Amino acid sequence: MKGSGRSNTDPARGADEEILDAKGLLAFPGAIDPHVHFDEPGFTHREDFMHGSAEAARGGVTTVIDMPCTSLPPVTSPQALEEKLSIVRDRALVDFAFYGGINGHMKPDDIPGVVESLAPHVVGFKSYFISGMETFPAVDEAQFAAAAKACAKGGRPLLLHAEDPDVVAVATKERASLRGSQPHQWIDYYASRPMDAETAAVLKALKLAGQYAKNLHIVHVGTAKAAVAVSERGATCETCTHYLAFDETDFARFGAALKTAPPVKSPEQKALLWHLLARGQIGFVTSDHAGAPEYEKYTGDPLTAYGGIPGTGTLFPYLLSEGLFAKRLTLDRFLEATSGGAARRYGLWQAKGSLLPGKDADFVLVDPDHTSRFSPSNMMSKSTITPFAGMLLSGRIEGTFVRGIPVYASVRLAAAVGPKGDPILSNEAGMILARPGFGKFLTWGYR
Ligand SMILES: [Zn+2]
């Protein structure tokens, strides 16, 4: 049907099928954001599943994978997972999966049991070489080696936050003595987590993993050297939107809004990351979505400000504009970077990650002719403190569909597809049409 939106008058179609006129719009596979911190239960003053998944949908994301470390209890046992799932299940607006956690509380001998018991319920395991979280400490070498082996045997990738704690400790001390009693500047935070910290950690991880290195996945890579080392060993890595969009010179402008761990790197590294992403040596891009309220962000001290950007809603729009439309990425690489790569890596490819027939109808409708400045007032996450504020982006998301059902619609598209009843969240740009609990819990091999 052409025109106003809905019809089932075509005799070749079933009575329950609807046709939406998407003339002038582009359809892409729904994005997968395999690195989010939705903080529920435990830290919902920062984010929760309803707002986080609403923001995901607003930004064209149809599946998220949530980290195990920023909820209480952390996901380190089937009981803890069940506790989290029982709460999240009724809140999610897009499909979701979980990672299990391997942390410094575990004895190396106990790690195989943890992996075995959680593997049926998770799509990977997360660990840290450095951690600022009391509830989820970093692993030591023995714990990491045990985890690398157990995860490989259990058929789930082992994810690592790769920054070497010794390199960071030395650099932090140096900055402290340089600064003396003067207040900290942004350069102190940046310099306290140098590029060497990442490369040293990646090389150590590859060595400790040994024959299981291929099963490693390094999260939020910011340096080219680390990404190249990873790909040479057949392991995988992701970078995040902020490492592609910003560099250390932007701290002067954005301050705490740009703070993440690890910090964004030099302009040169930023350019190299694009290059490696275009070549496939960086597999895909994630948001590392992590919001925080103003009082945790704006502490007045670069070293204590909360690190994290609520980025799940800017991941796809940014890559669409600056990757695909700006021709930094081919269409194939754009699709891998936003959906296919993560779907393959995390056992979701049978039903997610592309528009192939037989898969879930997860897709995004985009108006390619619309260019506008990104406005935080259109965000649906709890925190809207973002360095993407004001960025000029080409392409506007008109609708996000999960399993064929519209979850988010722009004001323009909502006239055609909804709303049914009052939307739970809406703003000047669009609205959420699904109900909390619509999002489906996914496990490895979901079809
Ligand atoms: Zn993270």
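Each value, and the rule that gives it
One numbering rule holds for all chains: residues counted from 1, following each sequence as written. The predicted nature of this model means local features are confined to residues of pLDDT at least 70 and side-chain atom pairs, given and counted, to a pLDDT of 80 or more, with totals for whole chains, interfaces and linings taken over all residues. You can read pLDDT as the predictor saying how much it trusts each residue, on a scale of 0 to 100. Whether two residues are in contact is decided by their C-beta atoms, placed from the backbone, lying within 7 Å. Only when DSSP finds a minimum of two bridges between them are two strands counted as paired. For helices the rule is a DSSP run of H or I covering at least 4 residues; for strands it is a run of E covering at least 2, with both sets numbered from the N terminus onward. A fitted line through C-alpha atoms represents every axis, and for helices the fit uses only the stretch in contact; the resulting angles, taken between N-to-C directions, go from 0 to 180 degrees. Left-handed describes a crossing whose near helix is turned anticlockwise from the far helix through less than a right angle; right-handed describes the clockwise counterpart. Residues are grouped as follows: Ala, Val, Leu, Ile, Met, Phe, Trp, Tyr, Cys and Pro are nonpolar; Asp, Glu, Lys and Arg are charged; every other residue, Gly included, is polar. By this rule the span expected of a helix is its residue count minus one, scaled by 1.5 Å. Note that bend, as reported per residue, equals the angle between axes fitted to the 7 residues terminating at that residue and the 7 residues originating from it. Residue burial is a threshold on neighbouring C-beta atoms within 10 Å of the residue's own C-beta, all placed from the backbone, with 20 or more meaning buried, 12 or fewer meaning exposed, and counts in between meaning partly exposed. A set of buried Ala, Val, Leu, Ile, Met, Phe, Trp, Tyr and Cys residues, joined to one another through C-beta atoms within 7 Å, is what we call a nonpolar core. For this quantity, the arc is that covered by the directions from the helix axis to the C-beta atoms.

Draft legend 1. Molecular detail of the confidence of the model for the protein. Averaged over the protein, the pLDDT score is 95; the fraction of residues at 70 or greater is 96%. Note on residues 1–9: pLDDT is under 50 here. Beyond four places in sequence and across chains, it has 17 contacts.

Draft legend 2. Local environment of the sheet that holds strand β11 (residues 363–373). Ordered in space as β1-β11-β12-β13-β14, the five strands form an open sheet in which the pairing is antiparallel. Sheet topology places β1 (26–29) and β14 (430–432) at the edges, where each strand pairs with a single neighbour. Averaged over neighbouring strand pairs, the angle between their axes works out to 35 degrees when direction is ignored. With four bridges joining them, strand β12 (residues 392–402) and strand β13 (residues 405–410) adopt antiparallel strand pairing. Bridging across to β13, Val 402 finds its partner in Ile 405. Strands in contact with helix α13 (residues 312–325) are β11 and β12; relative to β12, the strand with the most contacts, it is inclined by about 125 degrees.

Draft legend 3. Region of the structure containing unusual backbone geometry. For the peptide bond that leads from Glu 40 to Pro 41, omega is -5 degrees, which places it in the cis range. Within the fold, Pro 41 resides in the loop between β2 (31–36) and α1 (49–58). In this chain, Ala 261 is followed by Pro 262 through a cis amide linkage whose omega measures -5 degrees. Position of Pro 262 relative to the elements: it lies in the loop between α10 (251–254) and α11 (267–279). Residues other than glycine seldom take positive phi values, yet Lys 327 does so here, at roughly 65 degrees. As for its placement among the helices and strands, Lys 327 is situated in the loop between α13 and α14 (331–345).

Draft legend 4. The packing of helix α3 (residues 111–118) against helix α4 (residues 141–154), seen in detail. As a packed pair, α3 and α4 sit with axes 9 Å apart at the nearest point and diverge in direction by 35 degrees. Classified by chirality, the crossing of α4 by α3 is right-handed. Seen from α3, the contacting residues are Ile 111, Pro 112, Val 115 and Glu 116; seen from α4, they are Gln 143, Ala 146, Ala 147, Ala 150, Cys 151 and Gly 154. Partitioned by chemical class, the residues of the contact of α3 with α4 number seven nonpolar, two polar and one charged.

Draft legend 5. Expanded view of α14. Given a rise of 1.5 Å per residue, 15 residues ought to cover 21 Å, and the 19 Å separating the end C-alpha atoms of α14 matches this to within 8%. At Ala 337, α14 is bent by approximately 60 degrees, the largest bend along its length. Buried residues dominate α14, accounting for eleven of its 15 residues. Those residues of α14 that fall on the buried side of the exposure criterion are Arg 333, Phe 334, Glu 336, Ala 337, Thr 338, Ser 339, Gly 340, Gly 341, Ala 342, Ala 343 and Arg 345. Note on α14: the residue one or two positions beyond its end, Gly 347, has a positive phi of about 70 degrees.

Draft legend 6. Here's a closer look at the sheet that holds strand β8 (residues 216–218). Judged by pairing direction, the sheet is parallel, and its six strands sit side by side in the order β5-β6-β7-β8-β9-β10 without closing on themselves. Edge strands, defined here as strands with exactly one partner in the open sheet, are β5 (100–101) and β10 (284–286). α4 rests against β6 (125–128), β7 (158–161) and β8 of the sheet, and its axis sits at about 165 degrees to β6. In this fold α14 packs onto β8, β9 (236–240) and β10, with an angle of close to 100 degrees to the strand it touches most, β10.

Draft legend 7. Quick peek at the pairing of β12. Of all the eleven residues making up β12, eight are buried; the element is thus mostly covered by neighbouring parts of the structure. The sheet contact formed by β11 and β12 spans eight bridges and is antiparallel. What sits directly across from Thr 371, in β12, is Ser 394. Where β12 hands over to β13, the hairpin turn is made up of two residues, of which Arg 403 adopts a positive phi near 50 degrees.

Draft legend 8. Structural detail: the nonpolar core. With 128 residues, the main nonpolar core has Leu 93, Val 94, Ala 147, Ala 205, Ile 218, Val 407 and Ile 432 as its most contacted residues. No other element matches helix α7 (residues 195–209), which puts eight residues into this core. Setting aside residues up to four positions removed in sequence, Leu 93 forms contacts with Met 50, Ser 53, Ala 54, Ala 57, Val 407, Ile 432, Ala 434, Pro 436, Phe 438 and Gly 439.

Draft legend 9. Spotlight on α3. For α3, the complete set of buried residues consists of Ile 111, Val 114, Val 115 and Leu 118. Mapping the buried residues of α3 onto a view down its axis gives an arc of 95 degrees, with all of them on the same face. Where α3 is buried, its residues touch α2 (78–88), β5, β6 and α4.

Draft legend 10. Structural view of the environment of Ala 54. Along the chain, Ala 54 turns up in helix α1. Separated by 378 residues in sequence, Ala 54 and Ile 432 have C-alpha atoms that sit 6.8 Å apart. Excluding residues that lie within four positions of it along the chain, Ala 54 makes contacts with Leu 93, Met 380, Leu 425 and Ile 432.

Draft legend 11. How the structure looks around the environment of Phe 325. Tracing the backbone through its elements, the reader meets Phe 325 in helix α13. Since 17 C-beta atoms lie within 10 Å of it, Phe 325 is described here as partly exposed. Between the C-alpha atoms of Phe 325 and Leu 393, which are 68 residues apart in sequence, the distance is 9.7 Å. Leave out the neighbours within four places in its chain, and Phe 325 touches Leu 320, Ser 394 and Gly 395.

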